Structures are given as structure tokens and as C-alpha cells.
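Descriptive structure summary
Here is how the chains run, residue by residue.
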Amino acid sequence: MAAMIDLTLDCADAQLLADFWKTALGYVDEPPPAPFRTRAEWFASFDLPEDDSVDDGAWLCDPDGVGPRLAILKVPEPKTAKNRLHIDVRVPGHGGPDERWARIEAESERLVRAGGSVLGKFDGHHVVMADPEGNEFCVAAAPA
């Protein structure tokens, strides 16, 4: 059996990025682990410094249980370099190259409206983007 993975993004504002990535991926807030009823209750079970807050993290999951979980955690240091690992947002659908490119452009425009920015376009293939805190990702067509 293959190992399961989670992806973790460090950030300055966990709630801002959680809102963006829920929009980008169609993810939802992950329920707290049993037996906790809320994330705040779960968070309070740890012996953490007083200035740590449950709002300093967000835990997202694919509502269909297919994609990896996404943890978004506030860290004190700013982003200083290009990501070595990034997310590819794959746009579904069939059709010819022009139809696939139109869907990629439409998705990148939707993500700009959600707070992302376009860093570069590789016409006909993919769009390089950044989330609201500058984490790079690509928008491309899903495999046929």
C-alpha cells in the first residue's frame, strides 16, 4: 500500500490562505479528531504557549476523501524564496487543445478573483500563479 500524504503550507495568515485554498480546490474544513467536537476543543487539549491560537492553523480536506489533506500553519518567519514543492490545480474536462486552454484560463481568472495572482503563462499548457501569500502553484489541464 502506498503511503498517505498531507501537504502543509507555512503562512502569516492561516485563515486568509484557508479561504483561498478552499475556493481553489473545493476543499472543506476538516472535522476535529474524535472525541473532540470542535477544533478549539482539540487545540485546548495541548499544552501550548498562551499566545498560540486555534486561528493560527487551518486543516482542510477533500470532501470526497480522494485528495491529500492540507494543513495551513502560521509561522513567525516570512516567505523568502521560491517553493521547492508546489501544488498543481488540474482543471477537468475533455476536448481539444483550445478547449483545454480556455478552461485553464477561466480557472486562473477565477483564482485571481479569489486573491491569487498570475506569475506567468505558458500558452496552451499551464499558468503559473501565486496564492495571496506568494506560494507558487500551477493551473493545468487534468490528464485525459
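Residues numbered from 1 in each chain as written. Predicted model: local features only at pLDDT ≥ 70, side-chain atom pairs only at ≥ 80, totals over all residues. Heavy atoms only, no water.

1. Considering helix H1 (residues 14-25)
An α-helical turn contains 3.6 residues, so a residue and the one three or four places further along point in the same direction. Convention followed: Counting from the N terminus, the helices are the DSSP runs of H or I reaching at least four residues and the strands are the DSSP runs of E reaching at least two. Helix span is expected to be 1.5 Å times the residue number reduced by one. Under the scheme applied here, a residue whose accessible area is under 20% of the maximum for its type counts as buried, over 50% as exposed, and between as partly exposed, the area being computed with a 1.4 Å probe on protein chains only. Our arc is simply the arc of the directions from the helix axis toward the C-beta atoms. Any two residues whose heavy atoms approach within 4.5 Å at even a single point are treated as in contact. For this analysis, a polar contact is any N or O atom pair within 3.5 Å, provided that within protein one partner can donate a hydrogen and the other can accept it, and provided that sequence-adjacent residues contribute only side-chain to side-chain pairs.
Relative to the 16 Å expected for 12 residues at 1.5 Å per residue, H1 spans 16 Å between its end C-alpha atoms, a close match to the ideal helical length. Taken together, the buried positions of H1 are occupied by Ala-14, Leu-17, Ala-18, Phe-20, Trp-21 and Ala-24. Summarising the axial view, the buried residues of H1 lie within an arc of 165°, below the 170-degree limit, and thus occupy one face. Lining the buried residues of H1 we find strand E1 (6-11), strand E3 (57-61), strand E4 (69-74), strand E5 (87-91), helix H3 (97-113) and strand E8 (136-141). Sitting at the head of H1, Asp-13 places a side-chain oxygen 3.2 Å from the backbone nitrogen of Gln-15.

2. So, the packing of aromatic side chains
Keep this limit in mind: Centre distance within 6.5 Å is the pairing criterion for rings of Phe, Tyr and Trp, where only the six-membered ring of Trp is used; planes under 30 degrees apart are then read as stacked, over 60 as edge-to-face, and the remainder as tilted. When the NZ atom of lysine or the CZ atom of arginine is within 6 Å of a ring's centre and also within 35 degrees of its normal, the charge is said to sit over that ring.
Taken as a whole, this structure holds 5 aromatic pairs when the rule is applied. Measuring from centroid to centroid gives 5.2 Å for Phe-20 and Trp-21, while their planes differ by 90°, and the two rings are edge-to-face. Of the residues examined, Phe-20 reaches a relative accessible area of 1% and is grouped as buried. Consider the rings of Trp-42 and Phe-46, whose centres lie 5.0 Å apart with planes at 85°: the pair is edge-to-face. An aromatic cluster is present here, built from Phe-20, Trp-21 and Phe-137 joined pairwise through their rings. Note that Arg-39 overlies the ring of Trp-42, its terminal NZ or CZ placed 4.8 Å from the centroid.

3. What about the sheet that holds strand E6 (residues 117-122)?
Keep this limit in mind: In this analysis, strands are considered paired if DSSP registers two or more bridges between them. Between N-to-C directions, angles span 0 to 180 degrees; the directions come from axes that are lines fitted to C-alpha atoms, helices contributing only their stretch in contact.
If you trace the 4 strands from one edge of the open sheet to the other, you get E5-E8-E7-E6, paired in mixed fashion. Strands at the two margins of the open sheet, each flanked by one partner only, are E5 and E6. On average, each strand axis in the sheet is inclined to that of its neighbour by 25°, with strand direction left out of account. Of the strand pairs in this sheet, E5 and E8 are connected by 5 bridges, and their pairing is parallel.

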